[in-house]
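# Structure at a glance
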Amino acid sequence: MKRRCALAPGQLLQAYAALAVFSAAIALPFGWHGLWLIPLWSLLEITVAGALFVVYMLHAADGEQISFSPEGQLAIEVVRGLDTRHYRMNPAWAHLERGGPRKDRLWLCCSPLRVEVATQLGAGEKRRVERELKQALAARQACGAMAATP
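Please read all numbers here as calculations on a predicted model, not as lab measurements.

What counts as what
- Residues numbered from 1 in each chain as written.
- Predicted model: local features only at pLDDT ≥ 70, side-chain atom pairs only at ≥ 80, totals over all residues.
- Heavy atoms only, no water.
- Axes fitted to C-alpha atoms, helices over the stretch in contact; angles between N-to-C directions.
- Helix = DSSP H or I, 4+ residues; strand = E, 2+ residues; numbered from the N terminus.
- Parallel < 35°, antiparallel > 145°, perpendicular 65-115°, else oblique.
- Contact = heavy atoms within 4.5 Å.
- Nonpolar A, V, L, I, M, F, W, Y, C, P; charged D, E, K, R; others polar.
- Buried < 20%, exposed > 50% of the residue type's maximum accessible area, 1.4 Å probe, protein only.
- Patch = residues over 30% accessible without salt bridge, like charges linked within 9 Å, V, L, I, M, F, W, Y side chains within 5 Å.
- Areas by Shrake-Rupley, 256 points an atom, 1.4 Å probe, with all protein chains shown as cover.
- Salt bridge = Lys/Arg side-chain N within 4 Å of Asp/Glu carboxyl O.

Relative orientation of the contacting elements helix H1 (residues 9-32) and helix H2 (residues 37-58) amounts to 175 degrees, with a least axis distance of 9 Å. Looking at the two axes, H1 sits roughly antiparallel to H2. Where H1 abuts H2, its residues Pro9, Leu12, Leu13, Ala15, Tyr16, Leu19, Ala20, Ser23, Ala24, Ala27, Phe30 and Gly31 lie against Ile38, Pro39, Ser42, Glu45, Ile46, Ala49, Gly50, Phe53, Tyr56 and Met57. Residue composition of the contact of H1 with H2, grouped by class: 17 nonpolar, four polar and one charged.

Locating Glu64 in the fold gives a position in strand E1 (residues 63-68). A relative accessible area of 2% means that Glu64 is categorised as buried.

A grouping of Phe22, Ile26, Phe30, Leu35 and Ile38 is seen on the molecular surface, where their side chains present a nonpolar patch of about 480 Å² in accessible area. The leading source of residues in the nonpolar patch is H1, at three residues. With respect to the helices and strands, the residue Phe22 is situated in helix H1.

By themselves, these figures tell us nothing about what the structure is for.
Here it is as structure tokens:
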């Protein structure tokens, strides 16, 4: 479940370069004629745009990946900017919870661990993911119950 991005990082860099060249092409003739405030403003504009583009690129890969490890554990990888966290849960005890003011947030819980998932998805996709996770957890819990029965 990854964030949808309109531009790939390479396309974003091309857009930034085009913006910088266009801004410099307008500002430099003014600076040549002694109006240095225009190139300074252009430099400020490009710097702010660059900082915003860097923030956008850092969060372009935000999302969660949920899978079952070969050992049978529920493995969750959460990426937020440069921070990547890995969680493991016992699928026999894991369950889903809805919350938030409009019940629009989804958490995978295994006491005391609580991990928010599907943060980058819309309401319809979030319901589909919830349904699929409930089915997968129920199947794993049923397999675990059958394996525990002598």
